[in-house]
Amino acid sequence: MIGTETLKRIAVYGGVFALGSAFLMRNKLQNSLAAGEYYKKSLEALAEDRAAMALLGAPPLKTRQLDLGDTEGNKVQPHLGYAKLNIPVVGGREKGTLRSYSTRDAATGVWTVERLQLVVEKTGQMVMIIPPGNPRR
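All values derive from a computational prediction rather than experimental measurement. All residue numbers here refer to positions counted from 1 along the written sequence of the relevant chain. Per-residue local features are limited, in this predicted model, to residues with pLDDT of at least 70; the limit for side-chain atom pairs, both in listing and counting, is 80 or more; totals at the level of whole chains, interfaces and linings are taken over all residues. Remark: hydrogens and water are excluded; side-chain values derive from all non-hydrogen atoms of the structure.

**Quick word on the overall build of the protein**
- Each helix and strand counted, the protein has 3 helices and 6 strands in total.
- All radius of gyration figures rest on C-alpha atoms, and the globule criterion is 2.2 Å times the number of residues raised to 0.38. Computed over its C-alpha atoms, the radius of gyration of the protein comes to 20 Å, more than 25% above the 14 Å expected for a compact globule of 137 residues.
- Principal axes of the C-alpha set define a box for the protein whose edges measure 70 × 40 × 20 Å.
- Every residue pair with non-hydrogen atoms within 4.5 Å of one another is taken to be in contact. Across the protein, every contact between residues at least 6 apart in sequence was considered, and the portion connecting residues at least 24 apart equals 49%.
- For the purpose of counting charges, residues Lys and Arg are taken to be positive, whereas Asp and Glu are taken to be negative. His and the chain ends are not included. Just so you know, the charge point we use is NZ for Lys, CZ for Arg, CG for Asp and CD for Glu. Distance between charge centroids for the protein: 4 Å, based on 19 positive and 12 negative side chains. Secondary structure elements are taken from DSSP: a helix is a run of H or I of four residues or more, a strand is a run of E of two residues or more, and numbering for both begins at the N terminus.

Here it is in structure tokens:
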């Protein structure tokens, strides 16, 4: 028969393994989303917008991890050619959320940022970087 101490060790090692695996999968998913063309193009457009960058007090501009639990704000469906992300950004003075709406052309596979807006956390101020109807490839 297996002793109580052995069962405790098995439980502890099993828990550590499960938590470690979950952490690795979360990081892999985060890195996969950040490597997407839709993500990169959104940050490039933000970096080119002087008003939005000044509002954040950037440079420096940093990003934080996406909230993977926010299934309404973060939806990426490459097979349907659709990506909607709420990217947390931090500048020297302010932090906010970069709301990105992108689509992928089925023929070329190129992602286009259809709409991009910055929402400043403290004030709630919104800056439209790429307005609807004026997409950026």
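From this point, the narrative continues.
**Notes on the pattern of salt bridges**
- Only one rule defines a salt bridge in this text: a Lys or Arg side-chain nitrogen within 4 Å of an Asp or Glu carboxyl oxygen. Within this structure, the stated rule accounts for 2 salt bridges.
- The closest approach of N and O atoms between E5 and K8, which form a salt bridge, is 3.6 Å. On the criterion of helical spacing, the pair formed by E5 and K8 is a turn pair, its members being 3 residues apart in helix α1 (residues 4-34).
- Here E37 ties to K41 by a salt bridge, and the two come within 3.0 Å at their closest N and O atoms. Note that E37 and K41 are positioned in helix α2 (residues 37-48) at a spacing of 4 residues, about one turn of the helix.

**Brief notes about the side chain of E94**
- Position of E94 among the secondary structure elements: in the loop between β3 (82-90) and β4 (95-104).
- Although E94 is buried, it makes no salt bridge; K122 carries the closest opposite charge, 4.8 Å away. Using a 1.4 Å probe on the protein chains alone, a residue whose accessible area is under 20% of its type maximum counts as buried, one over 50% counts as exposed, and one in between counts as partly exposed.

**Details of the nonpolar core**
- Grouped together as the largest cluster of nonpolar side chains are 23 residues, with contacts concentrated most on L46, I87, V89, L98, L118 and I129.
- For this core, the elements supplying multiple residues, two or more each, are α2, α3 (50-56), β3, β5 (111-120) and β6 (126-130).
- With 5 residues, the top contributor of residues to this core is α2.
- Excluding residues within four positions of it along the chain, L46 makes contact with A52, M53, L56, L61, V89, L98, L116, L118 and I129. Definition of nonpolar core: a set of buried residues of the types Ala, Val, Leu, Ile, Met, Phe, Trp, Tyr and Cys, connected through side-chain atoms within 4.5 Å.

Bear in mind that shape data such as this cannot, by itself, settle questions of function.
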